[in-house]
Amino acid sequence: MHITKILIRFMAACLLCCGLPAVADNKTGKLPLDKIKLPAGFSIEVWAEVPNARGLTLGKKGTVFAGSADEGNIYAITDKGDTREVKTIARGLNLPIGVAFRDGALYASSVDRILRFDDIEEKLDQPGKPYVVTERFPNEKHHGGRYIGFGPDGLLYVAVGAPCNVCETEPEKFSLISRINPDGSNYEVFAYGVRNSVGFDWHPETKELWFTDNGRDWMGDNLPPDELNRAPKKGLHFGYPYCHSDDILDPKYGAKRDCRKLVSPAAKLPPHAGALGMRFYTGTMFPPQYRNSIFIAEHGSWNRRNKIGYRIELAKIKNNKVVKQEVFAEGWLENEKNWGRPVDVLVMSDGALLVSDDFADVVYRISYKKP
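Given the structure is predicted, the values throughout are model-derived calculations rather than measurements. (Residues numbered from 1 in each chain as written. Predicted model: local features only at pLDDT ≥ 70, side-chain atom pairs only at ≥ 80, totals over all residues. Heavy atoms only, no water.)

## Remarks on the pattern of salt bridges
Formally: Put simply, a salt bridge is a Lys or Arg side-chain nitrogen that is within 4 Å of an Asp or Glu carboxyl oxygen. The helix count covers DSSP runs of H or I at least four residues long, the strand count covers runs of E at least two residues long, and both are numbered beginning at the N terminus. For each residue, the accessible area found with a 1.4 Å probe, counting protein chains only, is set against the maximum for its type, and the residue is called buried under 20%, exposed over 50%, and partly exposed in between.
Inspection of every chain in the model, using the stated rule, returns 26 salt bridges. Glu 334 is paired through a salt bridge with Lys 35; the nearest N and O atoms lie 3.4 Å apart. Linking Glu 334 in strand β25 (residues 333-334) with Lys 35 in the loop between α1 (3-17) and β1 (42-49), this pair joins segments that are 299 residues apart in sequence. Exposure remark for Glu 334: the relative accessible area of 38% places this residue in the partly exposed category. What makes Lys 35 partly exposed here is its relative accessible area of 34%. Salt-bridge contacts for Glu 313 lead to Arg 311; the nearest nitrogen and oxygen are separated by 3.2 Å. Each of Lys 80, Glu 85, Lys 87 and Asp 125 takes part in one network of salt bridges that share partners.

In structure tokens form, the structure reads like this:
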């Protein structure tokens, strides 16, 4: 477990001993969900307790799979009606944040490797040793958690972040989104100049790739913004490390490229908010205006003087453009103290939205009933 998290929990225990309020402990059912603000008709609940839950994906038979970072585990969550059963199907992996499902198999990232668990929903109690699909990815752990997902083309997309805050890197190796065949062959770079994407999805109608990207640090509290990007074709360059957003030159590398020749973001997101997982809403439970909009999990800032993020944003799309941005769910941050950190979002078959939280160690379920 990350040392920062250990210290926070130790401090929380000390505060409790002194009779002062502390970070709520989900293990005792005391997460302050009443503090979460949602639009009318929406509600949130703890759906499952999952240590350090990160990336989410859905199996064909309804199993939800979750990756992790600090824990090094991969989890399978089965719905038993009023309760969920959480099984650990792999342990001791290297930052296995990314999970994806295809043809009965679970794919998982582990920094330099992609692993595959065949027929996983038939083997949740004894998944066995995974098959190594490929070991061709870099082994650097800085931005080493690889978000993965299968595109409409049947290829596995793998994000590879920069091994630094800001630096020039080998363009075919770092700061990119790649794609490979399900068997690990035919590696190619799909998008260049991507500092660190930890969330992407495809537009349900156009089938184009959209992705979040975290802006660099140490340019001030308000620069640069995080980004929501659209990649309609292969080979586009999204700016890093030369240009941030569409017009912010990097102090060291900005003179080397013309920002006008690089791809501008589809939307600017709050600076340092930690935009991670994102999904187009394709369900029918939520009101019609949410259809094909993008839910974005903001993990929260770590080095900003006034914290920002720790919430879920909504980007509304029309004619393949972002026409409106608004906060959908907030309340994990209060008076500069946070008790949760949203990481990834997943649309379920019934239309509910799952949200992973690697700080509170839970997966939430957001549902809707007409007021």
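## With respect to the nonpolar core
For clarity, the threshold we go by: Throughout, nonpolar core names a set of buried Ala, Val, Leu, Ile, Met, Phe, Trp, Tyr and Cys residues whose side chains join them through atoms within 4.5 Å. The criterion used for residue contact is that any of the two residues' heavy atoms lie within 4.5 Å.
Formed by 26 residues in total, the largest nonpolar core has its most connected members in Phe 286, Phe 295, Phe 328, Trp 332, Tyr 364 and Ile 366. Of all the elements in the fold, those that place two or more residues in this core are β1, β22 (294-298), β23 (311-318), β24 (321-330), β27 (342-347), β28 (353-357) and β29 (362-368). Here the element with the most residues in this core is β29; it accounts for four residues. In contact with Ile 366, other than residues within four places in its own chain, are Leu 38, Phe 42, Ser 43, Ile 44, Phe 286, Ile 312, Phe 328, Ala 352, Leu 353 and Val 355. One finds Leu 95, Phe 190, Phe 200 and Leu 236 within the second-largest nonpolar core, a separate group that totals 22 residues.

## Quick look at the layout of surface pockets
For the record, the criterion: Cavities and pockets are found on a 1 Å grid laid over the protein atoms alone: a cavity is a set of points where a 1.4 Å probe fits but cannot escape, a pocket is an open set with protein on both sides within 12 Å along at least five of seven lines, and a lining residue has an atom within 4 Å of such a point. Grid points are joined across faces, edges and corners, and a volume is the space filled by probe spheres set on the points. All amino acids are sorted into three groups, where Ala, Val, Leu, Ile, Met, Phe, Trp, Tyr, Cys and Pro are nonpolar, Asp, Glu, Lys and Arg are charged, and the leftover types, Gly among them, are polar.
What the second largest pocket holds in volume is close to 630 Å³. Within the residue set of the lining of the second largest pocket, elements represented by two or more residues are β2 (53-58), β6 (99-102), β10 (148-150), β14 (200-202), β21 (275-280) and β27. Residues belonging to the lining of the second largest pocket are distributed by class as follows: 15 nonpolar, five polar and four charged.

## Describing the sheet that holds β23
Filter applied, for reference: Pairing between strands requires that DSSP locate at least two bridges from one strand to the other. What counts as an axis is a line fitted to C-alpha atoms, over the stretch in contact for a helix, and the angles between N-to-C directions run from 0 to 180 degrees.
Pairing is antiparallel in the open sheet, where four strands are placed in the order β21-β22-β23-β24. Either end of the sheet is taken by a strand with one partner, and the two such strands are β21 and β24. Averaged over all pairs of adjacent strands, the angle between strand axes in this sheet comes to 25 degrees, irrespective of strand direction. By the bridge criterion, five bridges tie β22 to β23 in an arrangement that is antiparallel. When the sheet's bridge partners are listed, Ala 297 is paired in β23 with Ile 312.

## Structural notes on the sheet that holds strand β7 (residues 105-110)
One open sheet accounts for four strands, arranged β6-β7-β8-β9; its pairing is antiparallel. For this open sheet the edge positions go to β6 and β9 (131-134), each flanked by a neighbour on one side alone. Across the sheet, the mean angle from the axis of one strand to that of its neighbour is 30 degrees, orientation sign disregarded. Relative to β7, β6 runs antiparallel, the two sharing four bridges.

## Topic: empty space enclosed by the protein
The full count for this structure, using the stated rule, is two cavities of 30 Å³ or more. In this structure, the largest cavity encloses a volume near 70 Å³. Lining the largest cavity are 13 residues, with Asp 213, Asn 214, Gly 215, Glu 227 and His 244 sitting closest to its centre. Counting only elements with at least two residues in the lining of the largest cavity, the list comes to β16 (225-231) and β18 (243-244). Looking at the second largest cavity, its volume works out to about 30 Å³. As for the second largest cavity, its lining consists of Phe 238, Gly 239, Cys 243, Ser 245, Asp 246, Cys 259, Leu 262, Val 263 and Ser 264. Classifying every residue of the lining of the second largest cavity gives five nonpolar, three polar and one charged.

## Digging into the state of the cysteines
What counts here: A pair of sulfur atoms, both from cysteines and within 2.5 Å, is called a disulfide here.
Tallied over the full model, the rule gives two disulfides. Shown here is the disulfide that connects Cys 243 with Cys 259, its sulfur atoms set 2.0 Å apart. Here the S-S torsion is close to -100 degrees, and the disulfide linking Cys 243 with Cys 259 is therefore left-handed. Here the residue Cys 243 occupies a position in strand β18, and Cys 259 occupies one in the loop between β19 (248-249) and β20 (267-271), the gap between them amounting to 16 residues. By relative accessible area, Cys 243 is classed as buried at 3%. Residue class for Cys 259 comes out buried when judged on its relative accessible area of 12%. Once the disulfide-bonded cysteines of the protein chain are ranked by sequence position, their pairing pattern turns out to be 1-2, 3-4.

## Comments concerning the environment of His 244
Note on placement: His 244 falls in strand β18. On the basis of relative accessibility, which here comes to 5%, the residue His 244 falls in the buried class. Setting aside chain neighbours within four positions, we find His 244 in contact with Arg 216, Met 219, Pro 224, Glu 227 and Asp 250.

## Things to note about the confidence of the model for the protein chain
Rules: Each residue carries a pLDDT score, the predictor's own confidence in it, on a scale running from 0 to 100.
In this model, the protein chain carries an average pLDDT of 92, and 92% of its residues clear a pLDDT of 70 or more. The model gives residues 1-28 a pLDDT under 50, and that stretch makes 34 contacts with residues more than four places away or in other chains.

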